[in-house]
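Chains, contacts and geometry: an overview
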Amino acid sequence: MSGNGSNPMRPFIGRLAGIRDVATGIRLFQVEMAETEGQAAAAGYRPGQFAFLSAFGAGEAPFGLASGRGPYLEFAVSALGHVTHTLHGLEVGDPVGVRGPLGNWFPMEEIKGRNVVILGGGIGGAPLRPVIHTILDNRDDYGHLTILWAARSPDLLVFTDEFDEWRAAPDTEFHVTVDRGDENWSGNVGLITQLLEQVAPQIDNTVTITCGPPIMIHFAFLTQQKLGFTPQQMLTTLEARMHCGIGKCGRCNMGEKFVCIDGPVFWQYEIKEFLEGFL
Amino acid sequence: MKFVTQDALRVWLDQLAQEVDLVAPRDVEGHVLYRPVASSAGVLFEYQRPEMSAKDYLFPATEVLLQIEQRGKEMTLEEIVPERKQVLFGLRPCDAHGAAVIDALFLQQEPVDAAYRRQRERTTMVGLACPRMWEGCFCTSVGGAPDAADHLDLLLREVDGGYAVQVVTEKGAALLAGLELQEKKGEPPPSQADGEIVPVAPPQAWRTLFEDEMWQRHGERCLSCRICTYVCPACRCFDVVDRVTSVQPGLTCSERIRVWDACTSTNYRRAAGGHNSRPTKPGRIRNRFFCKFCYYPEDFGPLGCVGCGRCIVSCPVDIDITEVMRGVAERSDG
């Protein structure tokens with residue numbers, strides 16, 4: 001659960017332990033929790049959960065956690081607004097605030113023994129990184145792993161430094177595509193949905209996990225259905241503007257559901273029941 | 001019945017004003033508003049419905065959640081804890097009902113909202129029954145009444161020569177010290193609850209009308225001005241922002257503040273990167289009405305509307321929540 005004991009709106013104090021660029025304009029912040037209670041909360045993190053990251057004085061914003069194998073909570077942050085621009089101006093050692101981890105998580109236990117297809121679009125790849133790590137670190141627990149990775153352009157592909165590891169992993173195939181290439185790009189050009197049709201992964205005993213912009217999730221679901229996946233096989237994690245993360249502020253409702261407490265991870269059959277769409 | 005004269009009531013209010021933060025209806029340049037008072041002078045005893053609800057005193061429009069100090073790389077976060085007790089005097093029953101609606105989410109759903117709980121705990125609500133229903137009022141349609149005691153700590157009713165006092169809670173009883181009460185025979189007459197009963201369709205009926213053309217019709221008129229949510233005793237959406245208050249060498253002070261928000265505002269659902277999943281006025285106004293009559297009761301129990309009618313009289317383009325309620329009831333019947 002979130003926040004600081006008696007007050008879930010009060011962030012835990014953390015410190016930036018590492019900062020590196022993972023794509024053009026996207027920076028990965030490694031946060032070390034400074035307080036015991038915050039450390040305990042961070043230790044309970046599960047892939048798929050999100051947290052609010054504060055740049056004190058500028059505000060806070062929610063991010064799907066991109067945590068790697070180290071001891072830190074990791075946030076992939078694209079500089080788009082006031083809070084994220086301020087975060088990009090911080091240095092290692094600077095204090096930040098963290099509320100979380102919050103929300104539900106990918107059912108990594110329940111999908112053991114099954115093949116997994118991962119579709120990551122742009123910064124939407126961030127919360128999928130810990131899913132990939134979980135599978136690769138427990139390789140015998142899962143079936144065949146197919147990773148489809150996409151971005152608008154080559155410079156926006158995230159975690160390129162991990163591509164070699166993913167490619168070389170046993171029983172794993174890795175495909176990458178961009179909407180538009182550049183002079184140095186010799187790989188696939190096209191949408192992730194086209195790549196998915198080309199790769200045409202096995203349907204039986206397979207679960208798909210999609211994360212990206214809403215328009216991508218929408219069309220990725222359609223393509224998956226066309227290929228034969230059922231709503232019970234398709235997982236995603238939704239984005240929404242939110243201000244509390246604990247079901248109070250009203251911002252992230254989709255009909256009677258709240259992305260923050262009912263999600264952010266949903267099966268497609270759940271999303272189909274939403275009165276109001278995410279697109 | 002317990003009875004108090006107006007003079008004795010004034011003595012009690014003067015005393016309370018010394019001991020607690022006292023809020024009461026006042027005439028502010030021709031507008032009746034709940035405002036802090038320093039004595040009983042200026043407190044209104046005969047008024048209709050204050051133009052704003054008393055929500056601001058439990059869930060302030062702008063509320064400092066944290067004081068933030070940064071010295072070099074060291075942070076200090078301090079929560080603001082109001083020390084004084086607060087008495088809201090002269091509340092209309094619908095405003096207490098509005099607090100109960102917000103309680104259902106902020107107090108009764110885990111995790112509890114700490115700032116709201118502190119405000120709620122320090123506050124005692126003393127109601128003054130409406131003698132009758134006013135323009136736009138429909139409290140009797142949504143579980144209220146002009147003289148409902150339900151969500152108050154004390155309820156006063158105007159009777160000949162003074163007020164009948166009904167003790168509703170222990171918190172109310174604890175406030176009575178210093179109030180010169182008399183025992184009188186008889187009971188106060190009920191208020192005139194003669195407003196038209198507006199039908200309230202159940203959440204399931206609303207669900208069948210999510211795609212109805214009526215949202216287009218109502219939404220086209222909406223100006224996205226947000227006054228409906230501003231005056232509403234039950235709307236609870238909020239935003240959280242930081243503001244820097246002072247910068248000195250080696251010390252930066254800022255505040256994390258919570259401010260009221262409105263689901264009817266244009267960019268309410270706009271996410272980073274520009275995607276807006278509720279980009280039209282019909283979609284936003286539908287969300288507001290669905291929140292009140294479908295989502296809120298399904299998720300948290302009570303209706304999100306107390307029938308105060310403020311949104312009806314405030315709306316610059318005459319969007320009328322009772323017209324929407326009737327429309328849903330009529331369509332879902334067929």
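Residues numbered from 1 in each chain as written. Chains lettered and ligands numbered in written order. Predicted model: local features only at pLDDT ≥ 70, side-chain atom pairs only at ≥ 80, totals over all residues. Heavy atoms only, no water.

**As for the overall build of chain A**
Check the secondary structure of chain A and you find eight helices and 15 strands. A compact globule built from 279 residues should have a C-alpha radius of gyration of about 19 Å, and chain A, at 18 Å, falls within 12% of that. Considering only C-alpha atoms, chain A reaches an extent of 50 × 45 × 35 Å along its principal axes. Per-residue burial over chain A gives 62% buried out of 279 residues. Looking at chain A alone, contacts between residues at least 24 apart form 68% of all its contacts between residues at least 6 apart. In chain A, 20 side chains carry a positive charge and 31 a negative one; their mean positions are 5 Å apart. (Helix = DSSP H or I, 4+ residues; strand = E, 2+ residues; numbered from the N terminus. Rg over C-alpha atoms; globule rule 2.2 N^0.38 Å. Buried < 20%, exposed > 50% of the residue type's maximum accessible area, 1.4 Å probe, protein only. Contact = heavy atoms within 4.5 Å. Lys, Arg positive; Asp, Glu negative; His and termini not counted. Charge placed at Lys NZ, Arg CZ, Asp CG, Glu CD.)

**So, the sheet that holds strand S3 (residues 31–36) of chain B**
All names here are of chain B. One open sheet accounts for eight strands, arranged S3-S2-S6-S7-S8-S9-S1-S10; its pairing is mixed. The open sheet is flanked by S3 and strand S10 (182–183), the only strands paired with a single partner. Examined bridge by bridge, strand S1 (residues 2–5) and S10 share two bridges and lie antiparallel to one another. From the neighbouring strand, Lys2 faces S10, where its bridge partner is Glu183. With respect to the sheet, helix H1 (residues 6–19) is in contact with S1, strand S2 (21–28), strand S6 (86–91), strand S7 (123–128), strand S8 (154–159) and strand S9 (162–167), its orientation differing from that of S1 by roughly 85°. (Pairing = 2+ DSSP bridges. Axes fitted to C-alpha atoms, helices over the stretch in contact; angles between N-to-C directions.)

**A look at the sheet that holds strand S4 (residues 59–64) of chain A**
All names here are of chain A. A sheet is described by the order of its strands in space; here six strands give the open sequence S4-S3-S6-S1-S2-S5, paired in antiparallel fashion. The open sheet has two edge strands, S4 and strand S5 (73–78), and neither has a second partner. Put simply, the sheet's adjacent strands are angled 40° from each other on average, direction ignored.

**Examining the pattern of salt bridges**
With the rule as written, the count across this model stands at 33 salt bridges over all chains. Note that B:Arg120 and B:Asp103 form a salt bridge whose closest N and O atoms lie 2.7 Å from each other. Here B:Arg120, found in helix H3 (residues 114–121), pairs with B:Asp103, found in helix H2 (residues 93–106); they are 17 residues apart in sequence, far enough to count as distant. Each member of the pair, B:Arg120 as well as B:Asp103, is classed as buried. The network of salt bridges with shared partners includes A:Glu60, A:Arg99, B:Asp242 and B:Arg256. (Salt bridge = Lys/Arg side-chain N within 4 Å of Asp/Glu carboxyl O.)

**Side note on H1(B)**
All names here are of chain B. Its 14 residues give H1 an end-to-end C-alpha distance of 20 Å, which sits within 8% of 20 Å, the value for a rise of 1.5 Å per residue. Within H1, burial applies to Ala8, Leu9, Trp12, Leu13, Leu16 and Ala17. On its buried face, H1 sits against S1, S2, S6, S7, S8 and S9. (Expected span 1.5 Å × (residues − 1).)

**As for the domain arrangement of chain A**
Residue and element names in this part refer to chain A. Assigned domains within chain A: domain 1 (12–102) and domain 2 (115–237). A separation of 24 Å is found between the C-alpha centroids of domain 1 and domain 2. Facing 19 residues of domain 1, the contacting portion of domain 2 comprises 18 residues. Three residues stand out in domain 1 for area buried against domain 2, namely Val22, Thr24 and Arg69, and they jointly supply 36% of the buried area on that side. (Domains from an automatic or database assignment. Buried area = accessible area lost by both parts, 1.4 Å probe.)

**Description of the packing of helix H5 (residues 192–199) of chain A against helix H6 (residues 214–227) of chain A**
All names here are of chain A. Viewed as axis vectors pointing N to C, H5 and H6 meet at an angle of 20°, and their least axial separation amounts to 9 Å. When the interaxial angle is binned, H5 and H6 end up roughly parallel. Handedness of the H5/H6 crossing: right-handed. Counted together, Ile192, Thr193, Leu196 and Glu197 of H5 and Met216, Phe219, Ala220, Thr223, Gln224, Lys226 and Leu227 of H6 form the full contact between these two elements. Across the contact of H5 with H6, the residue classes break down as six nonpolar, three polar and two charged. (Parallel < 35°, antiparallel > 145°, perpendicular 65-115°, else oblique. Left-handed = near helix turned anticlockwise from the far one by under 90°. Nonpolar A, V, L, I, M, F, W, Y, C, P; charged D, E, K, R; others polar.)

**Here we look at the interface of chain B and chain A**
Of the residues lining the interface, 48 residues belong to chain B; the matching set on chain A comes to 44 residues. Among the residues chain B hides against chain A, the three largest losses belong to B:Lys73, B:Leu77 and B:Arg256. Together they make up 15% of the total. Our enumeration of links across chain B and chain A arrives at six salt bridges. One salt bridge in this structure joins B:Arg278 and A:Glu276, with 2.6 Å as the shortest N-O distance. Run the count over chain B and chain A and you get 25 residue pairs in polar contact (both at pLDDT 80 or more). Residue assignment for the side of chain B that touches chain A shows that the elements contributing at least two residues are strand S4 (62–71), strand S5 (74–79), H2, H3, strand S11 (238–248), strand S12 (251–260) and helix H8 (281–300) of chain B. (Polar contact = N/O pair within 3.5 Å; in protein donor to acceptor, adjacent residues only side chain to side chain.)

**So, the packing of aromatic side chains**
For the coordinates displayed, the defined rule picks out 25 aromatic pairs over all chains. For the pair B:Phe210 and B:Phe290, a centre-to-centre distance of 5.3 Å together with 85° between the ring planes defines the contact as edge-to-face. One end of the pair, B:Phe210, is in the loop between helix H5 (203–207) and helix H6 (214–221); the other, B:Phe290, is in helix H8, with 80 residues separating them in the sequence. With respect to burial, B:Phe210 and B:Phe290 carry one shared label: buried. Through a chain of ring-to-ring contacts, the aromatic side chains of B:Trp206, B:Phe210, B:Trp215, B:Phe289, B:Phe290, B:Phe293 and B:Tyr295 assemble into a single cluster. Note that A:Arg99 overlies the ring of A:Phe52, its terminal NZ or CZ placed 4.3 Å from the centroid. (Phe/Tyr/Trp six-rings, centres within 6.5 Å; stacked < 30°, edge-to-face > 60°. Lys NZ or Arg CZ within 6 Å of the ring centre and 35° of its normal.)

**Describing the environment of A:Ala151**
All names here are of chain A. Turning to its location among the elements, Ala151 is positioned in strand S8 (residues 145–151). Taking C-alpha positions, Ala151 is 8.5 Å from Ile192, a pair spaced 41 residues apart along the chain. Not counting residues within four places of it along the chain, the set of residues in contact with Ala151 comprises Gly122, Leu156, Leu157, Thr177, Val178 and Asp179.

**Quick word on the environment of A:Gly255**
Structurally, the position occupied by A:Gly255 is in the loop between strand S13 (253–254) and strand S14 (257–258). Classification of A:Gly255 as buried rests on a relative accessible area of 1%. In contact with A:Gly255, other than residues within four places in its own chain, are A:Leu275, A:Glu276 and B:Tyr295.

**Notes on the nonpolar core**
Among the nonpolar cores identified, the biggest contains 94 residues, and A:Leu238, B:Trp206 and B:Ile321 are the most heavily contacted of them. For this core, the domains that each give at least three residues are domain 1 (12–102) and domain 2 (115–237) of chain A. Excluding its chain neighbours within four sequence positions, the residues that come into contact with B:Trp206 are B:Ala201, B:Trp215, B:Phe289, B:Phe290, B:Phe293, B:Cys294, B:Val324 and B:Val328. (Core = buried A, V, L, I, M, F, W, Y, C linked by side-chain atoms within 4.5 Å.)

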